[in-house]
Amino acid sequence: MPGGTLKPNRYIKSDLKSHRILWEDERPDRWPYLKMLRETSNLKEFYPEINPYVEAYKVRENTWAMFQESMDGAGDLWMYLINGPEKALLIDTGFGVGDLKGLVQHLIGDKDKEIIVANTHHHYDHAYGNAQFDKCYCHQDEEYSMRYRAMNPHIWDYLFDENGKNIYTEFDRADLITYKDYELIPIPSGYIFDLGDGYEVEAMPIRAHSAGQCAYLDKHNHTLFTGDIGGAGRSYPGDPCAENCTIETMWRDVQYVVSRLDEIEGLFPGHGMLDVSSVMLKNQLEALDRIMEDPKNADSIKKMVRNGEEMVQYAMNIRHGSTIKYNLSNVYRRTPYRR
């Protein structure tokens with residue numbers, strides 16, 4: 001069970017069909033932002049007759065951020081939809097609860113328009129809705145994790161106890177999509193999705209949270225959809241790209257993204273606040289520089305238990321932002337870096 005509490009956070013009015021049982025600890029920076037956005041924003045679009053589990057917010061003329069409550073007690077998530085001239089691009093698919101495909105078709109206003117699905121990474125909250133689509137793209141370094149973890153019909157079992165009751169968030173089990181195999185298409189760094197009439201979206205990996213965690217740059221709107229880039233995660237046994245789950249990999253990837261910062265005006269992450277200033281990537285790079293110089297000199301150090309194992313978690317603060325979390329075993333690579 002992930003870290004959290006049975007005590008609810010402060011109330012945010014919600015018409016979603018889902019209802020939290022286990023809550024993550026309230027985050028002081030996110031809560032007021034989400035309260036104002038979800039309760040008072042005129043950007044909000046909600047179509048419960050299509051999908052009662054997702055709220056859509058029109059953040060650009062042709063772009064929606066789609067909010068879904070966490071189904072496993074961790075952070076509430078964002079998916080993104082770009083409606084291009086000839087094709088639409090859906091970035092991440094959430095938990096697979098509710099008709100995401102139907103909602104996307106409604107938002108773009110064309111049931112026959114091709115929908116390209118691209119995952120930032122394989123985690124539960126970003127890729128478990130993939131089975132509603134015929135094919136999905138991911139960075140080539142994420143292929144192993146995607147096949148190992150996300151592509152099987154039992155991915156939702158952990159959300160229920162031995163009696164079939166929801167553990168973390170109440171939702172109707174009948175609203176889970178039906179699992180089916182789909183074509184997984186791995187792509188290299190710099191891969192371009194052409195949405196028609198020269199509308200391009202580029203794959204830009206920012207790895208460490210997972211072996212192939214990938215951001216996507218909308219070159220028309222100058223927006224970067226970052227996925228999760230808050231620290232070094234873990235890989236799975238046999239993963240040929242396991243060493244990507246290191247601070248050094250993120251450090252080098254972020255250096256490249258920062259070198260192209262004049263192309264980026266707003267950041268749209270997998271969790272938290274939307275349309276964040278691109279200066280946050282510079283601030284993140286500064287924090288990564290400090291870790292690479294002296295990983296033991298962290299802003300916070302605490303002992304914790306994860307997956308039954310004791311560990312020491314280090315964290316370096318990002319100026320005007322959150323933190324980068326790591327442990328001393330996943331700072332440096334042992335093999336050459338490859339973009």
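Just so you know, these numbers come straight off a predicted model, no measurement behind them.

Looking now at the overall build of the protein. Helices and strands together make up the secondary structure of the protein, namely six helices and 19 strands. Computed over the C-alpha atoms, the radius of gyration of the protein is 19 Å, within 12% of the 20 Å expected from 2.2 N^0.38 for a compact globule of 339 residues. Here the protein holds 339 residues, and the buried ones make up 56% of them. When the accessible surface of the protein is summed, it comes to about 15,200 Å², and 49% of that surface belongs to carbon and sulfur atoms. Separation between the mean location of the 39 positive side-chain charges and that of the 53 negative ones in the protein comes to 4 Å.

Here we come to the side chain of Thr63. The topology assignment puts Thr63 in strand β4 (residues 63–68). Residue Thr63 is classed as buried on the basis of its relative accessible area, which comes to 2%. If sequence neighbours within four positions are ignored, Thr63 has contacts with Tyr57, Lys58, Leu81, Ile82, Asp218, Asn221 and Phe225.

With that settled, consider the environment of Ile264. Assignment of secondary structure puts Ile264 in the loop between α5 (247–258) and β15 (266–269). By relative accessible area, Ile264 is classed as buried at 4%. Each C-alpha atom, one on Ile264 and one on Ser278, is 6.3 Å from the other, the two residues being 14 residues apart in sequence. Each residue touching Ile264, except ones within four places of it in the same chain, is listed here: Leu217, His222, Leu224, Val257, Ser278 and Leu281.

Here we come to helix α2 (residues 100–108). Taking burial as the measure, the nine residues of α2 include seven buried ones, the bulk of the element. Buried residues in α2 make contact with β2 (44–45), β3 (55–60), β4, β5 (77–83), β6 (87–91) and β7 (114–118). At the N-terminal end of α2, a side-chain oxygen is found 3.5 Å from the backbone nitrogen of Lys101, two or three residues along, and the residue is Asp99. Two residues or fewer past α2, Gly109 is found with a positive phi of approximately 70 degrees.

Once that is clear, we can look at the sheet that holds strand β18 (residues 309–317). Strand order in the open sheet formed by three strands is β17-β18-β19, and the pairing between neighbours is antiparallel. Strands with a single pairing partner mark the edges of an open sheet, and in this sheet they are β17 (300–306) and β19 (323–326). Taking each pair of neighbouring strands and ignoring which way they run, the sheet shows an average axis angle of 30 degrees. By the bridge criterion, four bridges tie β18 to β19 in an arrangement that is antiparallel. Looking at the pairing, Tyr314 lines up with Tyr326 of β19.

This brings us to α5. Taking 1.5 Å per residue as the helical rise, α5 with its 12 residues ought to reach 16 Å, and the 16 Å between its terminal C-alpha atoms agrees with that figure. The element α5 is largely enclosed, with a buried count of nine among its 12 residues. Where α5 is concerned, the buried positions are Ile247, Glu248, Thr249, Met250, Trp251, Asp253, Val254, Val257 and Val258.

With that settled, consider the side chain of Glu248. Counting through the fold element by element, Glu248 comes out in helix α5. Its relative accessible area of 11% is what places Glu248 among the buried residues. In this structure Glu248 touches Met292, Val331, Tyr332 and Arg333, once residues within four positions along its chain are discounted.

For the rest of this paragraph, the subject is the pattern of salt bridges. Summed over all chains, the structure comprises 22 salt bridges. Across the pair Asp76 and Arg20 runs a salt bridge whose closest N-O atoms are separated by 2.6 Å. Note that Asp76 is positioned in the loop between β4 and β5 and Arg20 in strand β1 (residues 19–20), a separation of 56 residues in sequence. Residue Arg20 is classed as buried on the basis of its relative accessible area, which comes to 12%.

Here the focus is the sheet that holds strand β11 (residues 192–194). Spatial ordering of the open sheet is given by β11-β12-β13-β14-β15-β16, a layout of six strands whose pairing is mixed. Among the strands making up the open sheet, the edge pair consists of β11 and β16 (276–277). Judged from the five bridges that link them, strand β12 (residues 200–205) and strand β13 (residues 214–218) form a sheet pairing that is antiparallel. If you follow Met204 over to β13, its bridge partner there is Ala215.

What counts and what doesn't
- Residues numbered from 1 in each chain as written.
- Predicted model: local features only at pLDDT ≥ 70, side-chain atom pairs only at ≥ 80, totals over all residues.
- Heavy atoms only, no water.
- Helix = DSSP H or I, 4+ residues; strand = E, 2+ residues; numbered from the N terminus.
- Rg over C-alpha atoms; globule rule 2.2 N^0.38 Å.
- Buried < 20%, exposed > 50% of the residue type's maximum accessible area, 1.4 Å probe, protein only.
- Areas by Shrake-Rupley, 256 points an atom, 1.4 Å probe, with all protein chains shown as cover.
- Lys, Arg positive; Asp, Glu negative; His and termini not counted.
- Charge placed at Lys NZ, Arg CZ, Asp CG, Glu CD.
- Contact = heavy atoms within 4.5 Å.
- Polar contact = N/O pair within 3.5 Å; in protein donor to acceptor, adjacent residues only side chain to side chain.
- Pairing = 2+ DSSP bridges.
- Axes fitted to C-alpha atoms, helices over the stretch in contact; angles between N-to-C directions.
- Expected span 1.5 Å × (residues − 1).
- Salt bridge = Lys/Arg side-chain N within 4 Å of Asp/Glu carboxyl O.

These values are about where atoms sit, not about what they do.
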